[in-house]
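Descriptive analysis of the structure
Here is how the chains run, residue by residue.
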Amino acid sequence: MMCNTIGNNIKKLRRQKNVKQDVLATSLHLRRQTVSSYERGITLPNIFTLIRIADYFDVSLDELTGRKELIIHEKDGF
């Protein structure tokens with residue numbers, strides 16, 4: 001079984017922020033099915049999409065990719 005750290009982290013961040021796949025997809029200019037395929041480990045986002053996802057959730061690329069422990073940042077209004 002392939003490790004799906006990025007997909008698991010996207011799903012974890014999305015659920016903790018109570019964001020649905022279609023809302024995240026729209027914000028990133030992607031299809032909902034694309035977000036789903038990332039979360040399931042079917043495909044991986046390219047570096048530019050990884051940056052947009054990290055920015056959306058206000059986490060570092062290291063956190064998103066599992067190079068560093070994922071820390072959920074609480075911000076006003078999120």
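Up top is the structure.
Here we summarise the structure given alongside this text. The structure displayed is predicted, hence computed values, not measured ones. (Residues numbered from 1 in each chain as written. Predicted model: local features only at pLDDT ≥ 70, side-chain atom pairs only at ≥ 80, totals over all residues. Heavy atoms only, no water.)

**Points about the overall build of the chain**
Our working definition: For the purposes of this entry, the term helix denotes a DSSP run of H or I that reaches at least four residues, the term strand denotes a run of E that reaches at least two, and both are numbered from the N terminus. The buried label applies to any residue whose accessible area, calculated with a 1.4 Å probe on protein chains only, is under 20% of its type's maximum; exposed applies above 50%, and partly exposed to all values in between. By definition, residues are in contact when any of their heavy atoms lie within 4.5 Å. Surface exposure here means Shrake-Rupley accessible area, sampled with a 1.4 Å probe, where a residue is shielded only by the protein chains that are shown.
Assigned secondary structure in the chain consists of 5 helices and 0 strands. The helix and strand sequence of the chain, counted from the amino end, reads α-α-α-α-α. A total of 78 residues make up the chain; the buried ones form 37% of that total. Taking the intrachain contacts of the chain between residues at least 6 apart in sequence as the baseline, contacts between residues at least 24 apart amount to 54%. Taken as a whole, the chain presents about 5200 Å² of accessible surface, with 51% of it coming from carbon and sulfur.

**Quick word on a nonpolar patch on the surface**
Note the following rule: Patch membership is restricted to residues that have no salt bridge and whose relative accessible area is over 30%. Joining uses 9 Å for like charges and 5 Å for the nonpolar side chains Val, Leu, Ile, Met, Phe, Trp and Tyr. Every case where a carboxyl oxygen of Asp or Glu lies within 4 Å of a side-chain nitrogen of Lys or Arg is listed as a salt bridge.
A cluster of nonpolar side chains, contributed by Ile-47, Phe-48, Ile-51 and Leu-61, occupies part of the molecular surface with about 370 Å² of accessible area. Counting residues per element, the nonpolar patch draws most heavily on helix α4 (residues 47-57), at 3 residues. For Ile-47, a relative accessible area of 44% corresponds to the partly exposed category.

**What to know about unusual backbone geometry**
The phi dihedral of Asn-18 falls on the positive side, at around 55°, and the residue is not glycine. If you trace the backbone, Asn-18 turns up in the loop between α1 (5-16) and α2 (21-28). You will see that Asp-58, though not glycine, has its phi angle at about 55°, which is positive. Along the chain, Asp-58 falls in the loop between α4 and α5 (61-65).

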